[in-house]
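Spelled out from the first residue to the last, the chains are:
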Amino acid sequence: MQKALMPESPPTSCNCLALRQASRHVSQIYESHLAAEGLRASQYSILSTLGRGGAIAIGALARTMVMDRTTLGRALRPLERDGLLEIAPGPDGRTRSLRLTPAGEAKLAAAAVRWRQAQKEFETSFGTQPAAELRATLRQVIALTGERGADE
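Residues numbered from 1 in each chain as written. Predicted model: local features only at pLDDT ≥ 70, side-chain atom pairs only at ≥ 80, totals over all residues. Heavy atoms only, no water.

### Some words on the state of the cysteines
Step number 1: Taken as a whole and assessed by the stated rule, the structure comprises zero disulfides.
Step number 2: Sulfur of Cys-14: no disulfide; nearest cysteine sulfur belongs to Cys-16 and is 5.3 Å away.
Step number 3: For Cys-16, a relative accessible area of 44% puts it in the partly exposed group. (Disulfide = S-S within 2.5 Å. Buried < 20%, exposed > 50% of the residue type's maximum accessible area, 1.4 Å probe, protein only.)

### Brief notes about unusual backbone geometry
Step number 1: One non-glycine residue, Val-66, adopts positive backbone phi at about 55 degrees.
Step number 2: Note that Val-66 resides in the loop between helix H3 (58-65) and helix H4 (69-81). (Helix = DSSP H or I, 4+ residues; strand = E, 2+ residues; numbered from the N terminus.)

### Comments concerning the pairing of strand S3 (residues 96-100)
Step number 1: Here strand S1 (residues 56-57) runs beside S3; their pairing, made up of two bridges, is antiparallel. Each residue of the ladder has a partner; that of Ala-57, found in S3, is Ser-97.
Step number 2: The sheet contact formed by strand S2 (residues 85-89) and S3 spans five bridges and is antiparallel. Pairing of Glu-86 across the sheet is with Arg-99, part of S3.
Step number 3: Once S2 ends, the chain turns through six residues before running back antiparallel as S3, passing Gly-93 with a positive phi of about 80 degrees. (Pairing = 2+ DSSP bridges.)

As structure tokens, then:
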């Protein structure tokens, strides 16, 4: 990675700290690109997930994003305020459903260009194959922690 984004720090044996540090560094790359579209990386992830899957219940999106509903709710407010998504009653009347608006679809299309630039920057500095291996490893972490959460 670029030195400017990775200051020297003592290595840690704490998995949580190491993941959070890496996440912050990677987020900086993506956010520097997505800022041109007025989005944060987390907002792009929400729009992208809605763009791939269509309308979805808020609870289902929270599970997909591995976020608690309160945090997701706070992240949705500016997207709804800006007219990028709509929150409507769900099919059973007890849930609420999300969907992209036409403005949200247009914003997602424009931001996807910036996302690809960020993706390329990361993979150029980290390596395409190591990046693919990292994503696979992180999917395993998510699957394991998802199983753990189901047991509690």
